[in-house]
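Commentary on secondary and tertiary structure
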Amino acid sequence: MNKINVTGFFAALALVSGAASASIYDESVDGDLLSVGDGPTMFDVSAGNNSVFGTIGDTDFEDFIGFTIEAGEELTAITLTSFITAGGNTSTGFRLYTDQGAGWFQASSGSMVPGDVGTNFLSVWDLSDVGGSAPLGPGSYGVVLAEFTAGQTYSFDITVTPAPGSLALLGLGGLAVSRRRR
Ligand SMILES: [Ca+2]
């Protein structure tokens, strides 16, 4: 319990200080992401910017990454940070999935081009199946990249923030820990 509080406390500090990645999923280190039929590959996100780095055409032409927003957290952005095309194909499918308790399904269609780098796709995708508008609350979400061409590379950030009111709880948790250490 105290360990969780310490982790949350420092995650909140990292968020406030604008630190880099909270967590990283890098296919070159962590393995090719599963396909829609076999996935998702689950990614353990935490408060801050959680970065995903992927490549195309490793074992298939789909990448499906899933993650869970816990109670007290919000999903505030999924921002494309790089997209390098190859093979004459200048776009690829970039889609939002969700599991509302009855299995994974596609919540929104969509695609990306290099000019979308810097775009928060929560402002692009149809969010009517996941509450209507960002930020998105606790639940299971996923991103699918599909229809791409071997040699393409991409990266995006999944931004998780403490829900309003939960920062006070994190602060209390940190206070309890610091008291115990004295
Ligand atoms: Ca891949």
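The shown structure was predicted, so the numbers you read here are calculated from the model rather than taken from an experiment. Counting restarts for each chain, with residues numbered from 1 along the sequence as it is written. With the structure being a predicted model, the display of local features is reserved for residues of pLDDT at least 70 and the display and counting of side-chain atom pairs for 80 or more, all residues being used for whole-chain, interface and lining totals.

**Describing the overall build of the protein**
For helices the rule is a DSSP run of H or I covering at least 4 residues; for strands it is a run of E covering at least 2, with both sets numbered from the N terminus onward. Check the secondary structure of the protein and you find three helices and ten strands. For the protein, the sequential pattern of α-helices and β-strands runs α-β-α-β-β-β-β-β-β-β-β-β-α. The exposure scheme places C-beta atoms from the backbone and then counts, for each residue, the other C-beta atoms within 10 Å of its own, assigning buried at 20 or more, exposed at 12 or fewer, and partly exposed in between. Burial status across the protein gives 31% buried among its 182 residues. Here contacts are defined at the residue level, using C-beta atoms placed from the backbone and a cut-off of 7 Å between them. Of the contacts formed within the protein by residues at least 6 apart in sequence, a portion of 79% connects residues at least 24 apart.

**What about the sheet that holds strand β10 (residues 153–162)?**
Here we have four strands laid out as an open sheet, ordered β1-β3-β10-β5, and mixed in their pairing. The open sheet has two free edges, formed respectively by β1 (21–26) and β5 (73–84), since each of these has just one partner strand. Across the sheet, the mean angle separating the axes of adjacent strands is 15° when strand polarity is ignored. The sheet contact formed by strand β3 (residues 48–55) and β10 spans eight bridges and is antiparallel. Looking at the pairing, V52 lines up with F156 of β10. Two strands pair under a simple rule: DSSP has to find at least two bridges between them. Interaxial angles span 0 to 180 degrees and are taken between N-to-C directions of axes, which are lines fitted to C-alpha atoms, for helices over the stretch in contact.

**What to know about the environment of S133**
You can see S133 is positioned in the loop between β8 (111–112) and β9 (139–146). Taking C-alpha positions, S133 is 8.2 Å from S123, a pair spaced ten residues apart along the chain.

**Let's talk about the nonpolar core**
Note on terminology: a nonpolar core is a set of buried residues of type Ala, Val, Leu, Ile, Met, Phe, Trp, Tyr or Cys, with members joined through C-beta atoms within 7 Å. One finds I65, Y141 and V143 to be the most contacted residues of the largest nonpolar core, which totals 35 residues. When residues of this core are traced back to their parent elements, those giving at least two are β1, β4 (62–69), β5, β6 (92–99), β9 and β10. Every residue in contact with Y141, bar those within four places of it in the chain, is listed here: G66, F67, I69, L75, L96, Y97, T98 and L136.

**Some words on the environment of L33**
As for its position among the elements, L33 is in the loop between α2 (27–30) and β2 (41–42). Residue class for L33 comes out buried when judged on the 26 C-beta atoms lying within 10 Å of it. C-alpha of L33 to C-alpha of F64: the two residues are 31 residues apart in sequence and 5.9 Å apart in space. Every residue in contact with L33, bar those within four places of it in the chain, is listed here: E27, G39, T41, G54, D63, F64 and I65.

**Thoughts on unusual backbone geometry**
Leaving glycine aside, a negative phi is the common case for residues, and trans is the common case for peptide bonds. A cis geometry characterises the amide bond from G39 onward to P40, with omega recorded as 5°. Along the chain, P40 turns up in the loop between α2 and β2. For the bond running from A134 to P135, omega is 0°, close enough to zero to count as cis. Tracing the backbone shows P135 in the loop between β8 and β9.

**Some words on the environment of A22**
Turning to its location among the elements, A22 is positioned in strand β1. By C-beta crowding, A22 is classed as buried, having 20 other C-beta atoms within 10 Å. Here the alpha-carbon distance between A22 and T159, two residues 137 residues apart in the chain, equals 9.0 Å.

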